[in-house]
Amino acid sequence: MSTGAGSVVGRLRQGMAEGVLSFPLTSFHGDGSLDLDGFRTHVAAQVDAGPGALFPACGTGEFFSLDEDEYRQVVAAAVEVAAGRVPVVAGTGYGWAQAARFARIAEDAGADALLVLPHYLVAAPESGLVAQLEHIAARTRLPLIAYQRGQVAFSGNGLREIARIPGVIGLKDGHSDLDRLQRLTLAAPEGFLFFNGASTAEIQARAYATVGVPAYSSAVHAFAPEIAGAFHAALREGDGGTVEKLLRDFYVPFVELRDRVPGYAVSLVKAAARLRGLPVGPVRAPLVDPSAADLADLTPLLTAGLDLVGAAL
């Protein structure tokens, strides 16, 4: 591991122990064009809320909808606003050739590391998944975090192989297969980073912690850092009563609403952010913004969740 990668690992480990991981939304104007000023405002609020790290232009940030110039602007703005207060881990993905292009852009923009999102469309054997990371790692100086979700999943042997690739420092898990995840944590070398990347990760945060993966990303932090922060504090302090109340009265109903329509994992989060007055704008196709009926259910749920932690809409 290079000295630079080691420094990033140390900062990420410290941040992951102290706060949730923020995945900011990418702001668009009503016509779908990039709203960079709105994005800066949103990121500033995210950083001020004290996350462990900032992950711009990832899944929640609609990486798949950004062209290279927009991606450059988004990552550079996130780095500028973060101003070194938290590590900035930019998304990259598609095939390795395209991922390497985005990696070079993120590197030039000042990002600290990269989250390698699952490749597009086709299934592949594990040897190919390993080779994908090898190709990307060979073309950037930035440390890489692999993201296993969808068609990407590693065995213990595969984990050992990717951990040997210079620059690969960790794994984000979105499968929620705790048997597999326990095997991966036991196969990993000392110091390898893991975090829970399930949708609305708080729902499974306690279960992940039992296999040695307490750190998690939080979509809720993008619109209600008060709720996300209260949950994280209660979990860390062993306050089971608060954890269960927040799960029962906010997180579970939110997930049930999120699951009504494909893509609500992003568009419902954006809608909630707009309800808080954040300038994030609409989603881009193929995602769709929530229906009026679903917004009518979201508003009282968000109000109730904020009330649980002494905050207001």
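Note: the structure precedes this text.
Just so it is clear, the structure is predicted and the values come from calculations on it, not from any experiment. (Residues numbered from 1 in each chain as written. Predicted model: local features only at pLDDT ≥ 70, side-chain atom pairs only at ≥ 80, totals over all residues. Heavy atoms only, no water.)

Another aspect to go through is the pattern of salt bridges. Summed over the entire model, instances satisfying the criterion amount to 17 salt bridges. The salt bridge involving Arg40 is made with Asp37; its shortest N-O contact spans 3.5 Å. Of this pair, Arg40 and Asp37 both sit in helix 2 (residues 36-48), separated by three residues, roughly a single helical turn. One network of salt bridges, in which partners are shared, links Asp37, Arg40 and Glu80. (Salt bridge = Lys/Arg side-chain N within 4 Å of Asp/Glu carboxyl O. Helix = DSSP H or I, 4+ residues; strand = E, 2+ residues; numbered from the N terminus.)

Tallied over the full model, the rule gives 13 aromatic pairs. Pairing Phe63 with Tyr71 gives two aromatic rings, centres 5.8 Å apart and planes at 80°, and the pair type is edge-to-face. With relative accessibility at 0%, the residue Tyr71 sits in the buried group. Following the ring pairs from residue to residue traces out a cluster consisting of Tyr216, Phe223, Phe231, Phe250, Tyr251 and Phe254. Positioned above the aromatic ring of Tyr147 is the side chain of Lys172, whose terminal nitrogen or guanidinium carbon lies 4.2 Å from the ring centre. (Phe/Tyr/Trp six-rings, centres within 6.5 Å; stacked < 30°, edge-to-face > 60°. Buried < 20%, exposed > 50% of the residue type's maximum accessible area, 1.4 Å probe, protein only. Lys NZ or Arg CZ within 6 Å of the ring centre and 35° of its normal.)

Judged by nonpolar contacts, the single largest core of 76 residues is most densely connected at Phe55 and Tyr71. Broken down by element, this core gets its largest block of residues, eight residues, from helix 3 (residues 68-82). If sequence neighbours within four positions are ignored, Tyr71 has contacts with Ala57, Phe63, Leu66, Ala90, Gly91, Phe102, Ile105, Ala106 and Leu114. Formed by 34 residues, the second largest nonpolar core is a distinct cluster that contains Phe231, Phe250, Leu257 and Val269. (Core = buried A, V, L, I, M, F, W, Y, C linked by side-chain atoms within 4.5 Å. Contact = heavy atoms within 4.5 Å.)

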